[in-house]
Amino acid sequence: MKNIAKTAVAALLLSVPASAFADADDDKLVINGETEIVTKTTAPAHLDGALSEVISGWHFRDDGTQAMEMDDFDNPGMIFVDQAVESWAKVDGAAEKSCASCHDGPESMAGVRAVYPKWNEAAGEVRTLEMQINDCRTSNMEAEEWKYTGGDMTNMAALISLQSRGLPMNVAIDGGAQSVWEQGKDLYYTRTGQLDLSCANCHEDNYGNMIRADHLSQGQTNGFPVYRLKNAKLNSVHARFKGCVRDTRAETYSPGSPEFVALELYVASRGNGLSVEAPSVRN
Amino acid sequence: MAEGVKPRVKAPKSASAGEAVTIKTLISHQMESGQRKNKDGSVIPRSIINRFTCEFNGKPVIEVAMEAAISTNPYFEFEAVIPEAGDMVFTWYDDDGSVYTETKSIAVG
């Protein structure tokens, strides 16, 4: 009898931490004591019936990780942004140009990250920030392409994203982008892998719940590129997609593939209204 | 030898006399432990920051001896009492003989 009572108490104790983790917290994100970040807002109209509120992944992390993002000195992602500042001014390629030759300072990129991925009328395709960077490198600088999820590329994407920090995400899903957006939406709701999971199974149906030891977020991309404590570097959206799809035990699409570009556009549109947060800090 | 090394310090510009202020320091550095091997099986030579010091107007504030197990981009945060206005000098010593310094002036008032 006594033993049964003990077991019941133990079960009760075990259940407490789990419930303390449920749902997003109500902390407020202000970076460097000045930049207020919108981390919760009403979901965009196209999510009608799916989500009522969109929430940044910041709310699903513990206080220590959250604090790292609240001050640029404490944010290890800024080390990589500094490396990109150097490569911004570094001349590369046959045209003997650097980013700075045409664009002046990185500040000229303000507002760019908030509207990417973006339909490019001339090229007739939706382009991610990474595709645009590589187009600039090959067409204008006549330099070698960077690897899609390589360090140089992700760091540069972070530097460009930083210039839009605090601005609301606002990717366009109409016009030429619409068919790509539809494709991305299909992928989002398609189950893959031996575990038979779609993006929505975790990030729409179960955000706030625990998946083993981790706290599921909505999988928003407003904080990308993101510094992850697990690999101590900046991670791009497509690298994260690849990891996520791999974890469903599926063969993944390649970073930079049309499928991931479509998925990135769709997922970004689910975060319309959240502030650009890059470089964010996550587990 | 070590590439991409950049010291950073965050210290207040002013403090009241006798106040304990928080100092944050970080140096980006690979901190190669000397324990790892490359593809050929030969040891990658150790290359770390082995010593960090902070002085205020010539008087020692903190001194740290660092060993090979310390992670990349070592970060130190500590409090220092500011008795008078002056310069705080931070120095990092690299295995390869390089010395990196950073100075922050703190006013009292």
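Since we're looking at a predicted model, the values are computed, not measured.

**Comments concerning the packing of helix H3 (residues 77-88) of chain A against helix H6 (residues 151-162) of chain A**
Residue and element names in this part refer to chain A. With their axes 8 Å apart at the nearest point, H3 and H6 run at an angle of 95° to one another. Taken together, the axis directions place H3 and H6 in an arrangement best described as roughly perpendicular. Residues Met-78, Phe-80, Val-81, Gln-83, Ala-84, Val-85, Ser-87 and Trp-88 of H3 touch H6, and the partners they reach there are Asn-155, Met-156, Ala-158, Leu-159, Ile-160 and Leu-162. Tallied by class, residues from the contact of H3 with H6 come to 11 nonpolar, 3 polar and no charged.

**Concerning the pairing of strand S7 (residues 86-94) of chain B**
All names here are of chain B. With 7 bridges connecting them, strand S4 (residues 49-56) and S7 associate as antiparallel partners. Following the sheet pairing, Phe-52 is matched in S7 by Trp-92. Taken together, the 8 bridges between S7 and strand S8 (residues 99-108) define a ladder with antiparallel strand orientation. For Gly-86, the partnering residue across the bridge sits in S8 and is Ile-106. Count of turn residues in the S7/S8 antiparallel hairpin: 4 residues, of which Gly-97 carries a positive phi of about 95°.

**So, unusual backbone geometry**
Residue and element names in this part refer to chain A. Put simply, Tyr-116 and Pro-117 share a cis peptide bond, and its omega is 0°. Topologically, Pro-117 is positioned in the loop between helix H4 (99-103) and strand S5 (118-120). The peptide bond linking Ala-278 to Pro-279 adopts the cis configuration, its omega dihedral lying at -10°. Considering the arrangement of structural elements, one finds Pro-279 in the loop between helix H10 (258-270) and strand S11 (280-282).

**Quick notes on the interface of chain A and chain B**
Opposite the 6 residues of chain A that make contact, chain B presents 10 residues. For the pair chain A and chain B, the two sides together bury roughly 740 Å², of which 57% comes from carbon and sulfur. Taken as a group, Phe-73, Ile-79 and Asp-82 of chain A account for 72% of the area that chain A buries against chain B, more than any other trio of residues on that side. On inspection of chain A and its partner chain B, the count reaches 5 salt bridges. Note that Asp-74 of chain A and Lys-24 of chain B form a salt bridge whose closest N and O atoms lie 2.9 Å from each other. Seen at the junction of chain A and chain B, the total is 5 residue pairs in polar contact (both at pLDDT 80 or more). Classifying every residue of the side of chain A that touches chain B by side-chain character gives 3 nonpolar, no polar and 3 charged.

**So, H6 of chain A**
Residues and elements named next belong to chain A. For H6, with 12 residues, the first-to-last C-alpha span of 16 Å sits near the 16 Å given by 1.5 Å per residue. Of all 12 residues making up H6, 10 are buried, and the element is well covered by its neighbours. Of all the residues in H6, the buried ones are Met-153, Thr-154, Asn-155, Met-156, Ala-157, Ala-158, Leu-159, Ile-160, Ser-161 and Leu-162. Looking at the packing, one finds that the buried side of H6 touches H3, H4, helix H5 (129-140) and strand S10 (233-235).

**Details of helix H7 (residues 178-188) of chain A**
Residue and element names in this part refer to chain A. Val-180, Trp-181, Gly-184, Leu-187 and Tyr-188 are the residues of H7 that are buried. The arc that holds the buried residues of H7, viewed along the axis, is 115°, so those residues lie on one side. Within H7, the exposed residues directed more than 90 degrees away from the buried face are Ser-179 and Asp-186. Where the residues of H7 are buried, they touch strand S6 (125-127), helix H8 (199-203) and H10.

**Side note on the sheet that holds S4 of chain B**
Strands sit in the order S2-S8-S7-S4-S5 (chain B) across an open sheet of 5 strands; the sheet is mixed. Bordering the open sheet on either side are strand S2 (14-15) and strand S5 (59-65) of chain B, each of which pairs with just one other strand.

**Structural notes on the packing of aromatic side chains**
Evaluated as defined, the whole model comprises 11 aromatic pairs over all chains. Between Phe-52 of chain B and Phe-78 of chain B, the ring centres sit 6.5 Å apart and the planes meet at 55°, which makes this aromatic pair tilted. Linking Phe-52 of chain B in strand S4 with Phe-78 of chain B in strand S6 (residues 75-82), this pair joins segments that are 26 residues apart in sequence. Each member of the pair, Phe-52 of chain B as well as Phe-78 of chain B, carries the same accessibility label: buried. Among the aromatic side chains, those forming a connected cluster through ring pairs are Trp-181, Tyr-188, Tyr-189 and Tyr-266 of chain A. Positioned above the aromatic ring of Trp-146 of chain A, the side-chain terminus of Arg-137 of chain A is 4.1 Å from the ring centre.

**Things to note about the side chain of Arg-270 of chain A**
All names here are of chain A. Position of Arg-270 relative to the elements: it lies in helix H10. By relative accessible area, Arg-270 is classed as buried at 2%. Among the polar contacts made by the side chain of Arg-270, one reaches the side chain of Glu-204 at a distance of 2.8 Å. Residues contacting Arg-270, with those up to four places away along its chain left out, are Pro-44, His-46, Leu-47, Leu-51, Val-54, Tyr-188, Tyr-189, Glu-204 and Gln-220.

Cut-offs used in this document
Residues numbered from 1 in each chain as written. Chains lettered and ligands numbered in written order. Predicted model: local features only at pLDDT ≥ 70, side-chain atom pairs only at ≥ 80, totals over all residues. Heavy atoms only, no water. Axes fitted to C-alpha atoms, helices over the stretch in contact; angles between N-to-C directions. Helix = DSSP H or I, 4+ residues; strand = E, 2+ residues; numbered from the N terminus. Parallel < 35°, antiparallel > 145°, perpendicular 65-115°, else oblique. Contact = heavy atoms within 4.5 Å. Nonpolar A, V, L, I, M, F, W, Y, C, P; charged D, E, K, R; others polar. Pairing = 2+ DSSP bridges. Buried area = accessible area lost by both parts, 1.4 Å probe. Salt bridge = Lys/Arg side-chain N within 4 Å of Asp/Glu carboxyl O. Polar contact = N/O pair within 3.5 Å; in protein donor to acceptor, adjacent residues only side chain to side chain. Expected span 1.5 Å × (residues − 1). Buried < 20%, exposed > 50% of the residue type's maximum accessible area, 1.4 Å probe, protein only. Arc of directions from axis to C-beta. Phe/Tyr/Trp six-rings, centres within 6.5 Å; stacked < 30°, edge-to-face > 60°. Lys NZ or Arg CZ within 6 Å of the ring centre and 35° of its normal.

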